[in-house]
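# Understanding the architecture of this molecule
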Amino acid sequence: MRLLALAASALVFTAASTLSPAVVQAQDKAADAKADDKSTDDRLEPFPEARSVKQSAVIGGKTVNYTATVGSLAVKDDKGKVIGEVVYTAYTLPGRATDRPVTFAFNGGPGAASVYLNLGAIGPKRVPFGAQGDAPSDPAVLRDNPNSWLDFTDLVFIDPIGTGFSRSRLDEEQTKKAFYSADADIHYLSRIVYDWLVANDRLTSRKYLTGESYGGYRVPRLAYYLQTQMGVGISGMTLVSPYLDPPAIGEDDALSPLPWMIAYPSMAAGHFERQGLHLDDATMGPVETYMRTQFVQDFLAGPRDKAATDRLSAKVAELTGLDPAMVRRMNGRVDIATYLREIRRDQGLIGSVYDSNYTAYDPFPASASPEYNDPLLTTLIAPTTSAMVDFVTRQVGWKVDARYNALSYDVNEKWDRDDTDSPVSDLRRAISIDPKMTVDIVHGWDDLSCPYFASRLIVSQMPDFGVENRVRLHMYPGGHMFYSRSDSGAKMRQDVMASYRARN
């Protein structure tokens with residue numbers, strides 16, 4: 001899951017005056033109190049020991065008996081001091097562990113816990129969320145997930161620091177430095193993967209990584225770091241709706257057609273779906289061809305070329321279903337927010353950036369500018385949080401006195417985005433040194449937060465690494481969380497299982 005960066009403001013108070021001894025004494029006491037507050041993290045109650053419970057679920061039409069475990073792993077600095085604790089949820093099958101693969105799963109944000117992949121996509125149980133009609137007040141009751149991957153791989157869901165129950169033991173500034181940047185994130189999470197493998201005697205198992213959204217940004221870098229720095233080979237990875245090339249999606253470059261090229265196919269997919277068309281390569285192929293050819297030519301001609309802009313605007317209106325006059329006024333350059341609000345303005349509904357066909361009512365339809373939060377993102381918090389906390393504390397019995405953060409806006413706001421890392425470069429490097437590694441990139445056609453066409457263009461630029469289709473791209477009906485649609489979740493399971501079994 002990818003969160004939009006949140007703007008933050010801070011007030012800074014200063015004073016310059018001559019202070020009396022009483023005031024100085026009061027300030028000294030305040031300073032002592034502040035120092036005590038800084039050390040509060042060192043006095044946190046320790047997390048309980050890992051707890052396990054036996055469960056079963058019907059997966060792929062068969063009953064699977066497994067052990068669910070919730071526990072924590074310490075993050076230590078170079079002097080051995082514990083600076084944080086990462087909570088994980090593991091699902092393992094009995095028997096010879098080394099005969100089974102193990103998959104580590106991460107969500108995105110930054111600031112998202114792994115609950116979305118766990119209880120929505122690939123874990124043995126799921127709670128309904130992300131489909132039209134789901135509501136925050138629905139009972140958060142877990143049911144068997146027929147599309148889980150547990151029958152062909154053990155699963156370990158990792159909650160990065162600041163998400164789920166995972167926590168830092170440092171003050172705010174130190175926490176940002178130690179955990180809230182792309183490089184720091186990769187370094188400590190790689191160690192968490194390594195430590196879990198050692199603690200559970202799984203270093204000789206086949207190891208896989210799965211990440212959704214910003215988790216898809218994490219996974220290629222984790223794979224390469226684990227390979228080359230931690231001595232842990234990764235057999236394969238699955239990138240779910242990945243956020244692979246942030247600059248291409250943004251609109252900071254006034255000259256580049258890429259943001260429009262990448263977004264318009266997903267807008268078209270949403271429009272086609274509303275018309276009842278089946279989405280597949282045959283339906284979307286002509287759209288992609290247009291984006292690579294005539295669209296680029298007309299876009300770069302610029303608005304001063306009336307014929308080119310007329311042609312471009314008419315085609316964009318046809319593909320998106322938007323009012324042709326409005327599209328022409330925008331010179332054929334329709335931003336995502338406008339699309340999501342205009343496609344159903346006559347109904348008073350707004351679409352989600354994560355799935356344009358997931359809608360809610362516009363709370364302020366007469367406002368000239370949008371005044372609402374994303375309709376899908378805001379409905380996820382209640383069911384996922386309630387279901388996960390009930391599972392951890394009641395079903396598994398891992399009792400903890402803390403708040404569970406399914407989605408932390410605080411982490412997202414504090415994240416250092418100045419890193420110049422490239423997950424695509426690390427993806428190439430990881431593949432190049434392991435000829436047996438499998439890579440699946442999976443997307444929903446309707447996703448506008450991490451559009452599928454970005455991955456299509458990225459894969460098209462890659463070498464073949466000596467084997468055809470080293471990186472396999474799969475698209476399914478739905479949006480960012482396409483797996484909330486049972487048929488799409490089942491197809492993803494089938495495609496990913498084929499990759500795992502190809503390594504047997």
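Preceding block: the structure.
Now for a description of the structure that goes with this document. (Residues numbered from 1 in each chain as written. Predicted model: local features only at pLDDT ≥ 70, side-chain atom pairs only at ≥ 80, totals over all residues. Heavy atoms only, no water.)

Our next topic: unusual backbone geometry. With an omega of -5°, the peptide bond between G109 and P110 qualifies as cis. Within the secondary structure layout, P110 lies in the loop between β4 (102-106) and α2 (115-122). The backbone of D201 sits at a positive phi, close to 55°, despite the residue not being glycine. As for its position among the elements, D201 is in the loop between α4 (182-199) and β9 (207-212). Judged by relative accessible area, D201 falls into the exposed class, the value being 62%. Notably, S213 is not glycine yet its phi reads approximately 60°, a positive angle. Examined against the element boundaries, S213 turns out to sit in the loop between β9 and α5 (214-230). (Helix = DSSP H or I, 4+ residues; strand = E, 2+ residues; numbered from the N terminus. Buried < 20%, exposed > 50% of the residue type's maximum accessible area, 1.4 Å probe, protein only.)

This brings us to the side chain of T320. With respect to the helices and strands, T320 occurs in helix α10 (residues 306-320). Classification of T320 by relative accessible area gives buried; the value is 1%. In this structure the side chain of T320 is engaged in a polar contact, spanning 2.8 Å, whose partner is the backbone oxygen of V316. Excluding residues within four positions of it along the chain, T320 makes contact with M267, H271, R274, Y339 and I343. (Polar contact = N/O pair within 3.5 Å; in protein donor to acceptor, adjacent residues only side chain to side chain. Contact = heavy atoms within 4.5 Å.)

Here we take up the packing of aromatic side chains. Taken as a whole and assessed by the stated rule, the structure comprises 24 aromatic pairs. For the pair F482 and Y483, a centre-to-centre distance of 5.8 Å together with 65° between the ring planes defines the contact as edge-to-face. Y483 carries the same exposure label as F482, and that label is buried. Clustering of aromatic rings is evident, with ring pairs tying together Y180, Y214, Y217, Y243 and W415. A cation over an aromatic ring shows up here: K315 above the ring of Y290, its NZ or CZ 5.7 Å from the ring centre. Here the basic side chain of R333 rests over the ring of F299, its NZ or CZ set 4.3 Å away from the ring centre. (Phe/Tyr/Trp six-rings, centres within 6.5 Å; stacked < 30°, edge-to-face > 60°. Lys NZ or Arg CZ within 6 Å of the ring centre and 35° of its normal.)

For the coordinates displayed, the defined rule picks out 27 salt bridges. The salt bridge involving R218 is made with D185; its shortest N-O contact spans 2.7 Å. In this pair, R218 sits in helix α5 while D185 sits in helix α4, placing the two residues 33 residues apart along the sequence. Here D185 falls in the buried class, since its relative accessible area comes to 1%. Each of D183, R221, D426 and R429 takes part in salt bridges that share partners, so that together they form one network. (Salt bridge = Lys/Arg side-chain N within 4 Å of Asp/Glu carboxyl O.)

Glancing now at the nonpolar core. Ranked by size, the top nonpolar core spans 142 residues in total, and within it F104, L209, M237, F295, Y483 and M492 carry the most contacts. Residue contributions to this core peak at 9 residues, all from helix α7 (residues 258-274). Excluding residues that lie within four positions of it along the chain, F104 makes contacts with V156, I158, V193, W196, L197, Y208, L209 and T210. (Core = buried A, V, L, I, M, F, W, Y, C linked by side-chain atoms within 4.5 Å.)

So, about the environment of Y372. Take Y372: it is sitting in the loop between β12 (355-361) and α13 (377-396). The exposure class assigned to Y372 is partly exposed, which follows from its relative accessible area of 23%. A C-alpha to C-alpha distance of 9.5 Å links Y372 and Y361, two positions 11 residues apart in sequence. Setting aside residues no more than four positions away along its own chain, Y372 makes contact with A337, R341, I350, D362 and P363.

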